[in-house]
Amino acid sequence: MKILKFGGSSLATTDCIRGVARIVLEEARRGPVIVVLSAFQGVTNQLLDCARLAEKNDRRYDAAWKKIASRHHSAVDSLLDRRRAIRIRSQVDTLLGDLHDALHGVQLLGHSPPRALDLIASFGERLCALIVAAHLARVHPARFVDARQLVVTDNQFTNANVIFSKTNRAARRYFTDLFQLRRRRPIPVVTGFIGSTSDGQTTTIGRNGSDYTAAILGAALGASVIEIWTDVDGVLSADPKAVAPAFVLPRITYEEAMELSYFGAKVLHPAAIAPAVARRIPLLIKNTFHPEAPGTLISGDRSDGDQLAKGISSIAGLTLLTIRGLSMVGVPGIAERLFRALASRGVNVILISQASSEHTICFAVREADTALAIAAVRHEFRFEFQNHLTSLDEKPNQAIVAVVGDEMKGHPGVSGKVFGALGRHNINISAIAQGASERNISCVIDVAQQARALNIIHQAFFEVRKRLALVVIGVGNIGGTLLRQMHEQRAYLLARGFDVTVVGVANSKWFALEGNGINLARWRERLSASRRRMDPQVLAREIAKLELTDAAVVDCTAADSIVKAYPEFVRANLHIITPNKRANVLPWRQYAALMELLRKRQKYFLDEANVGAGLPIMSTLRDLIASGDVIRKVEGIFSGTLSYLFNSFDGSMPFSALVRTAYQTGLTEPDPRDDLSGQDVARKLLILARQSGLKLEIADVHVESLVPRSLALKPFSHRFFSSLAKHDCEMEERLKRAQSRRAVLRYVGTLEGGRARAGIREFPHDHPIAATKGSDNIIAFTTKRYSRTPLVVQGPGAGADVTAMGVFSDILKLLNYLPH
């Protein structure tokens, strides 16, 4: 025999009810079944709202009652043929009349005691089961069964305790008689959630208690399985609303299910499992809307495999209370006094943790119980408070996150994995608890961090691929090229176990954000359609609202305004990847503060493309230092534009004409003076100097500018080139002197002896720096290890493709840095 329980959205509409009927009839063809139903979706809340309105003598309760009546009348008309509908509608009207009388009684009384609330709430299940039984009876014999005939409880109204000895006898007697009387076994349709006292008063066994009813009957009758039909495919590894990659667990143990249910998993009522566990009856969680899905089997058998954790659940809306004091140390019975005091006020303790020093006891209660809990503690320990021996701290807006799994028992490092993952993502833990069974590790955190914490732990325990969300700011040459490269390399990244999603793009005017990712084939259209004005501070706040697990902002601009927002991005838990040199050349105090913030927040700052575009200049320097080498000198050509100009400057064309040609072919900045001033080289030298441990400012870099003073301050226009031509003779003279010495001119940056300088220098033809071609960069590292022959890095040092590839390599580095 199977018990089939349906509720919630399974009973939302008449179409849903038809789907339930198909499932029930299919199962009935295979063997005997008992169906347990809750009320139509939302009706229980509507009934209790009616009671509250009637209690206040608010005549709107009558309109609310009519709405409930209309819904059930519509269900009868839709689900039953005309002849059957007339008979069932009469019974429905009788129940609705009884409901109206009960509400009228509450109105006259001006009070709705728990006993009245239970009676009023019971009509939801009674009406639903009556209508569904009639719908099934069109095809197969079915009988409406009022659980008040079967489930015997005490008189603890609204949350009554089941008297199992009487309930088991009543259930066995009723169903034995029912199944023996008829040749064709009927389908019993039982009301969930409700019972009655021995003297016939209606009770309820707790909200969501229809699961409990199914388990009670299953245990009483020795069912082969109890099937709980819901709107999800089974018990998931986490709440899918908070954790998108959550997946269905094929099987879990009773103990795992109870832990997950207790800590907030909404598939099962926590108490529903207890009767099944006592009789070792398996429970199967199935999806009414996807009946072919296998579901989750809950049984006493431990699953095979090496999966340490089975699931993560969470409870929000808690307050953490901490009682502390030296008077508690070594005093027996403190915890017992605390529990007794809380129990006397009806306060349920969700979690408790006591320090080994016995100096503090932390416990979590629901926010609604906070005032009662504080009053209970202050009364019980009034002597200690009066003498200032004890204090009580209150921390509201807390949530518990619990990691559950039988396989965690005796396995070292599980707690470290949980707390290490949270710590790396700057989630502070207020309290920790682990049961003696080692099946559950729980921690208390701020409720604002709940969704992130669930995702972080889920990723640490369950996900094979590393996930990384990116927000790309600046979608011009470099940013646009990067987005193209990422779109093209999507399959490659997935094959390497990396799931990289661009969740945001921004230009100087607008930004677009999508938590599930932006289609990189259509990012331009998505950004053009956005009406969210670009403000870096606002963007940082909006990204924080997405509660991403691992995320980075990719700054492909050269804007100071974006750099000013870097602290906000870091506080929003974002790593930073950028070819933008502005952050690395901030005034020292600002630069040091940013680096310290990154360190404290455990965020990476990846800047390979700051120097040399896609060349491994920054990483080479860092690796040399990390390996214990000593940097003595860094020298080279750091500007692709200046490299091109001096590689081409052989006297056949005036220097100003070369500058004009470079400008026309896009090799210079929009204002070529930005290249000719040497400031770009100065910034790169400063960056390398700071990476080497020097506390230099940009003013400390001595730079030879190739822009005549008379042309430096005027707004740029095309007349600049003709004005620059008036100074060609100076450059020609320098070239002739170099040629006379069988040398060439190159614009070189040098870092040596704690000093940095940039300017034109002569190099013999056989020198590596003289042999560069086109717009190549070349950087030579002279170190203690590489003292005779410098370590040389050479290659293209400019261009959107190579710079974007340098940024892409930083994205890959970050993916490899992130822990599994």
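Preceding this paragraph is the structure being described.
Keep in mind that what you see is a predicted model, and the values were worked out from it rather than measured.

**Quick notes on the pairing of strand β24 (residues 631–637)**
Here is the key point about a regular strand: its side chains alternate between the two faces of the sheet. In this structure, β24 lies alongside strand β28 (residues 776–783), joined through six bridges in antiparallel fashion. Its bridge partner being in β28, Ile631 is matched across the sheet by Thr783. Alignment of β24 against strand β26 (residues 743–752), held across four bridges, turns out to be antiparallel. Bridged to Lys633 within β26 is Glu752.

**A look at helix α1 (residues 14–30)**
Since the α-helix advances by 3.6 residues per turn, residues separated by three or four positions end up pointing in the same direction. Helix length check: α1, at 17 residues, gives a terminal C-alpha distance of 25 Å against a target of 24 Å (1.5 Å per residue), a fit within 8%. Restricting attention to buried positions, one finds in α1 the residues Cys16, Ile17, Gly19, Val20, Ala21, Ile23, Val24, Leu25, Glu27 and Ala28. On its buried face, α1 sits against β1 (2–6), β2 (33–37), α3 (60–79), α5 (114–136), β4 (187–191) and β7 (225–230).

**Observations concerning unusual backbone geometry**
Despite not being glycine, Thr158 has its phi angle at roughly 75 degrees, a positive value. Within the secondary structure, Thr158 is located in the loop between β3 (142–145) and α6 (164–181). With a phi close to 55 degrees, Asn397 is a non-glycine residue in the positive phi region. The residue Asn397 is located in strand β14 (residues 391–404) in this model. Assessed through its relative accessible area of 45%, Asn397 is described here as partly exposed.

**Focus on the environment of Ala54**
Mapped onto the secondary structure, Ala54 falls in helix α2 (residues 43–55). When its relative accessible area of 0% is taken as the criterion, Ala54 is described as buried. Discounting residues that sit within four places of it in the chain, Ala54 has contacts with Tyr61, Leu103, Val106 and Gln107.

**A few points about the packing of helix α4 (residues 82–109) against α5**
Running from N to C, α4 and α5 point in directions that differ by 175 degrees, and their axes come no closer than 10 Å. Judged by the angle between their axes, α4 and α5 are roughly antiparallel. Here Arg84, Ile88, Gln91, Val92, Leu95, Leu96, Asp98, Leu99, Ala102, Leu103 and Val106 of α4 come into contact with α5, specifically with Ala116, Leu119, Ile120, Phe123, Arg126, Leu127, Leu130, Ile131 and Ala134. The residue inventory of the contact of α4 with α5, partitioned by class, reads 16 nonpolar, one polar and three charged.

**Examining the sheet that holds strand β21 (residues 551–555)**
Reading across the sheet, the seven strands line up as β20-β19-β18-β17-β21-β22-β23 and stay open at both edges, with mixed pairing between neighbours. Since the sheet does not close on itself, it has two edges, and those belong to β20 (532–533) and β23 (605–606), each with one partner. For strand β19 (residues 510–513) and β20, the ladder comprises two bridges, and the chain directions are antiparallel. Residue Phe511 lies in a different strand from β20, and its bridge partner there is Arg532. Running at roughly 145 degrees to strand β17 (residues 466–473), helix α30 (residues 800–817) makes contact with β17, β18 (498–506), β21, β22 (574–577) and β23 of the sheet.

**Looking at the environment of Arg761**
Examined against the element boundaries, Arg761 turns out to sit in strand β27 (residues 755–764). Under the relative-accessibility criterion, Arg761 is labelled partly exposed at 29%. Note: C-alpha distance between Arg761 and Tyr262 (499 residues apart in sequence) is 75 Å. If we ignore the near neighbours within four places in the chain, the residues touching Arg761 are Glu635, Val744, Leu745, Arg746, Val748 and Thr750. Side-chain polar atoms of Arg761 contact the side chain of Thr750, separated by 3.2 Å.

**Describing the sheet that holds β1**
Overall, mixed pairing links the eight strands, which are arranged β3-β4-β2-β1-β7-β9-β10-β8 in an open sheet. One side of each edge strand has no neighbouring strand; the edge strands of this open sheet are β3 and β8 (251–253). Across this sheet, the average inter-strand angle for adjacent strands is 20 degrees, counted without regard to direction. Of the strand pairs in this sheet, β1 and β7 are connected by five bridges, and their pairing is parallel. Pairing of Ile3 across the sheet is with Ile226, part of β7. Contacts from α5 reach β2, β3 and β4 within the one sheet, and its direction differs from that of β4 by about 165 degrees.

**A few points about the nonpolar core**
Phe6 and Phe40 are the most contacted members of the largest nonpolar core, which totals 53 residues. Elements with a contribution of two residues or more to this core: β1, α1, β2, α2, α3, α4, α5 and β4. With 12 residues, the single largest contributor to this core is α5. Excluding residues within four positions of it along the chain, Phe40 makes contact with Leu11, Ile17, Arg71, His72, Ala75, Cys128, Ile131 and Val132.

**Some thoughts on the packing of aromatic side chains**
If you walk through the whole model with that rule in mind, you get 16 aromatic pairs. The interplanar angle of 80 degrees and the centroid separation of 5.5 Å between the aromatic rings of Phe247 and Phe462 together place this pair among those described as edge-to-face. Residue Phe247 is located in the loop between β7 and β8, and its partner Phe462 is located in helix α14 (residues 450–462); the two are separated by 215 residues in the primary sequence. Here Phe462 falls in the buried class, since its relative accessible area comes to 11%.

**Section: the side chain of Ser210**
Among the secondary structure elements, Ser210 is positioned in helix α7 (residues 210–221). Contacts of Ser210, omitting those with residues within four sequence positions, involve Lys5, Val36, Leu37, Ser38, Glu125, Gly192 and Phe193.

**Section: the pattern of salt bridges**
Counted by the stated rule, this structure contains 42 salt bridges. When the shortest N-O distance is used, the salt bridge between Glu463 and Arg467 registers 2.6 Å. You can call Glu463 buried: its relative accessible area is 18%. Ionic pairing is found between Arg622 and Asp607, a salt bridge with its closest N-O pair at 2.7 Å. Of this pair, Arg622 sits in helix α22 (residues 617–626) while Asp607 sits in the loop between β23 and α22, and the two are 15 residues apart along the sequence. With a relative accessible area of 28%, Arg622 lands in the partly exposed category.

**Considerations on α30**
Look at α30: 26 Å from first C-alpha to last across 18 residues, which is about the 26 Å you get at 1.5 Å a residue. Every buried residue belonging to α30 is among Thr803, Ala804, Gly806, Val807, Phe808, Asp810, Ile811, Leu812, Leu814 and Leu815, and all of these are buried.

**Overview of the state of the cysteines**
One pass over the full model with this rule turns up zero disulfides. Among the cysteines around Cys50, which has no disulfide bond, Cys128 carries the closest sulfur, lying 17 Å off. Exposure remark for Cys50: the relative accessible area of 1% places this residue in the buried category.

**Concerning the side chain of Thr557**
Position of Thr557 relative to the elements: it lies in the loop between β21 and α19 (560–564). Classification of Thr557 as buried rests on a relative accessible area of 18%. In terms of polar contacts, Thr557 uses its side chain to reach the side chain of Asp555, at 2.6 Å. Every residue in contact with Thr557, bar those within four places of it in the chain, is listed here: Ile473, Gly474, Ile562 and Asn580.

**Topic: the environment of Val634**
Position of Val634 relative to the elements: it lies in strand β24. We classify Val634 as buried; its relative accessible area is 0%. Separated by 504 residues in the primary sequence, Val634 and Leu130 place their C-alpha atoms 87 Å from one another. In contact with Val634, not counting residues within four places along its chain, are Leu688, Gly749, Thr750, Leu751, Ile779, Ala780 and Phe781.

Definitions and limits used
Residues numbered from 1 in each chain as written. Predicted model: local features only at pLDDT ≥ 70, side-chain atom pairs only at ≥ 80, totals over all residues. Heavy atoms only, no water. Pairing = 2+ DSSP bridges. Helix = DSSP H or I, 4+ residues; strand = E, 2+ residues; numbered from the N terminus. Expected span 1.5 Å × (residues − 1). Buried < 20%, exposed > 50% of the residue type's maximum accessible area, 1.4 Å probe, protein only. Contact = heavy atoms within 4.5 Å. Axes fitted to C-alpha atoms, helices over the stretch in contact; angles between N-to-C directions. Parallel < 35°, antiparallel > 145°, perpendicular 65-115°, else oblique. Nonpolar A, V, L, I, M, F, W, Y, C, P; charged D, E, K, R; others polar. Polar contact = N/O pair within 3.5 Å; in protein donor to acceptor, adjacent residues only side chain to side chain. Core = buried A, V, L, I, M, F, W, Y, C linked by side-chain atoms within 4.5 Å. Phe/Tyr/Trp six-rings, centres within 6.5 Å; stacked < 30°, edge-to-face > 60°. Salt bridge = Lys/Arg side-chain N within 4 Å of Asp/Glu carboxyl O. Disulfide = S-S within 2.5 Å.

Any functional reading would require information that these geometric values do not contain.
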